[in-house]
Each structure stands twice: as structure tokens, then as C-alpha cells.
Amino acid sequence: MLDWEQIFATRSSRMRASEIRELLKLLDQPDIISFAGGIPDPALFPDVAFKEAYSDIFSSAQVGSALQYSVSEGYKPLREWIARDVAKIGIDCTPDNVFITSGSQQALDYLGKLFLSPNDTALVTWPTYLGALSAFNAYEPNYDQLSLNGNRTPEAYRDTAAKTGGAVKFAYLSADFSNPTGETIDLAARERLLALADELDIAILEDAAYQHLRYDGEAIPPIMALDIARRGGIENTRTIYSGSFSKTLAPGLRVGFVVAAMPVIRKLVLMKQAADLHSSTINQIAIEHVASRGFDAQVAKIRSVYSKRRDAMLAALDKYMPKTATWTRPEGGMFVWVTLPEGMDGAELLAKSIATEKVAFVPGKAFYADSSNANTLRMSFSCADEAMIDEGIKRLGRLVSNAIRTAA
Ligand SMILES: Cc1ncc(COP(=O)(O)O)c(C=O)c1O
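Keep in mind it's a predicted model, so treat the numbers as computed, not measured.

As summarised here, the arrangement of the seven strands in space is S2-S8-S7-S6-S5-S3-S4, forming an open sheet in which the pairing is mixed. Every other strand in the sheet has two partners, leaving strand S2 (98–101) and strand S4 (142–145) as the edge strands with one partner each. Averaged over all neighbouring strand pairs, the angle between strand axes comes to 25°, with direction disregarded. Looking at chain direction, strand S3 (residues 121–124) and S4 are connected through four bridges and run parallel. Paired with Thr121 across the bridge in S4 is Asn142. This element, helix H8 (residues 154–163), spans S3, S4 and strand S5 (168–173) of the sheet and lies at about 155° to S4.

What follows is the structure, given as C-alpha cells:
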């Protein structure tokens, strides 16, 4: 039999299904309360608005171009809409600075491909978005821990990268309501990161997938906006901002985007021509149709529902979790990050939880580039109603309390 591994490229060796994915397959059982997903609630999709959008497209002269090949940069009216939307948060750019991708996940793949030669270093927060690690892994980088409190010098990053035979290329992070922790980076840390990036002469990849999902607290300018303000214009920035319609409108259409200086956009366009020519023409038109007619109302609706679910999860954690556990109090997004006492293992807990309490979550170690911190859990509140959240956390609290007692 053919030994496929012998002829696969070396980059494929890091493409592996995790044991966690295997466990999460069990979630199809109907009696499980799941906090694992991290996906939007389908009940909140603007399906009527999309039906209208597609119906308008099909009953107009636009149908021919909507079903045709189109430019790699993306649908111009959508790029114009995005340029206006990001201007509201201080990202002053032209539509030419906006590049449409098939979901913001594709942006991560392209940016990995654009920056990382084998053994280069990507700085990522510990923990970070698992999908970013999967996207970058194909380009065979090393990872180093991005510290946002300023306690590592530029030399420390440079030395670590040199030891593994490459250079530091970028720092990747979500500044608002990150996946997996739900945390937001404060203004001082954003400014510090810009200074560090200057010292190291690297790019900053700002993943803003959850940008619109703020439930309370003061909005902080995106790193991209701070960068533009410092340098007097987008063409002088080193930040590359990626956004998505997946969490606000619907992920199934696969429409995301990048905002960056023109030299970066021009390369991304060439990469897209080689990879998939362009993102779905008709879906881009439909997204622009729905966004331009009712984006703010849709965002207000989902914020109102998710903020109540966030509140319900935090209240239930306060009520049922043992005092030796700690968790984040996110101001937005979809996630709460729970840290259990040292020595506990989230993956073992998940196996027990599915078998006995019928509650699912994602064990946290998958989000660490070095697979450390097994005593953490990612809990998503986006898809469960408040009663389910209370019941699920009650069961989880019982399981964790028992596990702590048994270990003592
Ligand atoms: C932080 C982050 N970035 C990017 C993505 C990718 O989303 P999409 O490709 O649907 O835009 C996700 C999806 O969960 C995410 O959580």
C-alpha cells in the first residue's frame, strides 16, 4: 500500500485532527447542553433580509454579473460599505485598502503564506485562536509568546527567533473579546504593542472577528486606528486588520475582509488570483444588500440576546462554581474562559462531563501553541438560552466540585 506520509510535503505533518475534535463529535447527541460551539445562534440570522436580497438579485439585470466571475479585490460597493463602517472606529481608509476574503479564516491563511517562511516566528498570545494556529501551521513557523504587559524586551523576542533559525515576522492577536478568553486588550497595551512592533520591525495582525459584539464598557480604538493616528495615514501603518460578517450577519456566506496598506493588498490580490480567483460574487452582493439596509438593527438585536446570555453565564458561574476556579468577565463576544485549580485536566473533565453530566465545552490546552495550561476551559454562551445556561453550569459546577474533592 502507498505510504502517503512519505510523499506528502513536510508542511502537512502539522495538519492533525486533535483528540478534542474527536470528543466534540459526540456533541450531536440531542440531550447534551453545549457550550463548546463558539458559533452564532442560527435563530438570530437575518434570513428574511437575505431572502429579499437574493430575490432582488435574481429579479434584476444584476443576475448575470452576480453569477459571473468577478474581480479578486472583491465587490466594489461592499468594499465601499466596509470602508465607511471601519471609518466610524477611526480606521480611515479608501475602498482600495479593503480586500474581500472567503471568511476571515482565509485572511489568516493568506497572511501566514505572505509572511512566514519555514522557522520564522509568529508571536501569539497564550492562549490564542486555534484557527489561527491551524492556518499558520501550514507555513511551518515557530511560535513565541506575545506578552502584552511589556515585560519582555525586543531582544528577548529576537534572540528566541534567532535560536530557532528564523526572524520574527508578525504579532497576531484579537484586541476585543478574543476567542478563546473573551478578554479585551486595554489602550496602554495596544500602544505598547505598536511600540514593540516598531522596535522589531514586524507586522501586527489584528483579528477583529468580534469587533461589533460589545455589550458594555467603553469602546477602545482598534490597534489599526491607533497606528493610523500615529503615522498620519493608512499607507504608513504596519497593522493589518481582518474582519468578518460571520458573527454579525451569517457565517455560511463566507464573507470576510482585510484592511491594510496598498503593498499588502496588492500581494493579497495576487494570492487570491492563484488560490480561488475571488470570493463568491453573489454572496458578496447579498452581504452588501443586507448590511446597507439593516446592519445596525441586526447588530443591536444580537447584542441584546448575547449580552443576556453572557450575564446568565456569569451569574451561574458565581452561583455554582467552586471558589478555587476563576473566570474572565468579558465585555463582549461569545466566550468565558475558566481556569481550574492547577493539576486538573480539561480534556479529562470533558470526557467525564459528556458521559455523566451531558455538558460540553472546549478544553483550553488546544488554544496554547505549546499545549500548556490543561486546567482551562472555553465556554461559549452564544447558542444556549438562559435556562439552559443555568442548568448546564449547575451540572458543570457539580462535576468540578467533585473532581476537586476527589483530587484532594
Ligand atoms: C478570532 C476568530 N478569527 C477568525 C475566525 C474565522 O471566522 P470567519 O472565517 O467565519 O470569518 C473566527 C471564527 O470563529 C474567530 O473566532
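Taken together, 13 residues lie near the ligand, and Asp207, Tyr210, Ser244, Ser246 and Arg254 sit nearest. Here an oxygen atom of the ligand and a backbone polar atom of Ser104 are 2.7 Å apart. Within the side chain of Asn179, a nitrogen or oxygen atom sits 2.8 Å from an oxygen atom of the ligand. Relative to its free-state accessible area of 400 Å², the ligand is covered by the protein chains to the extent of 92%. The dominant element in the shell around the ligand, judged by the number of residues it contributes, is helix H6 (residues 103–115), at three residues. Grouping the amino acids of the shell around the ligand by side-chain chemistry returns three nonpolar, seven polar and three charged.

This part takes up the packing of aromatic side chains. Under the definition given, this model contains 12 aromatic pairs. Judged by centre distance (6.4 Å) and plane angle (40°), the rings of Phe99 and Tyr110 are tilted. In this pair, Phe99 is assigned in strand S2 and Tyr110 in helix H6, connecting sequence segments 11 residues apart. Neither Phe99 nor Tyr110 differs from the other in exposure class; each is buried. Centre to centre, the rings of Trp337 and Tyr368 are 6.2 Å apart; their planes meet at 45°, and the pair counts as tilted. Of the two residues, Trp337 is situated in strand S10 (residues 335–339) and Tyr368 in the loop between strand S12 (362–363) and strand S13 (376–380); the sequence distance between them amounts to 31 residues. In this structure, Trp337 and Tyr368 share a single accessibility class: buried. Pairwise contacts between aromatic rings join Trp81, Phe245, Phe257 and Phe295 into one cluster.

Quick notes on the rules
Residues numbered from 1 in each chain as written. Predicted model: local features only at pLDDT ≥ 70, side-chain atom pairs only at ≥ 80, totals over all residues. Heavy atoms only, no water. Pairing = 2+ DSSP bridges. Helix = DSSP H or I, 4+ residues; strand = E, 2+ residues; numbered from the N terminus. Axes fitted to C-alpha atoms, helices over the stretch in contact; angles between N-to-C directions. Contact = heavy atoms within 4.5 Å. Near = heavy atom within 4 Å. Polar contact = N/O pair within 3.5 Å; in protein donor to acceptor, adjacent residues only side chain to side chain. Areas by Shrake-Rupley, 256 points an atom, 1.4 Å probe, with all protein chains shown as cover. Nonpolar A, V, L, I, M, F, W, Y, C, P; charged D, E, K, R; others polar. Phe/Tyr/Trp six-rings, centres within 6.5 Å; stacked < 30°, edge-to-face > 60°. Buried < 20%, exposed > 50% of the residue type's maximum accessible area, 1.4 Å probe, protein only.

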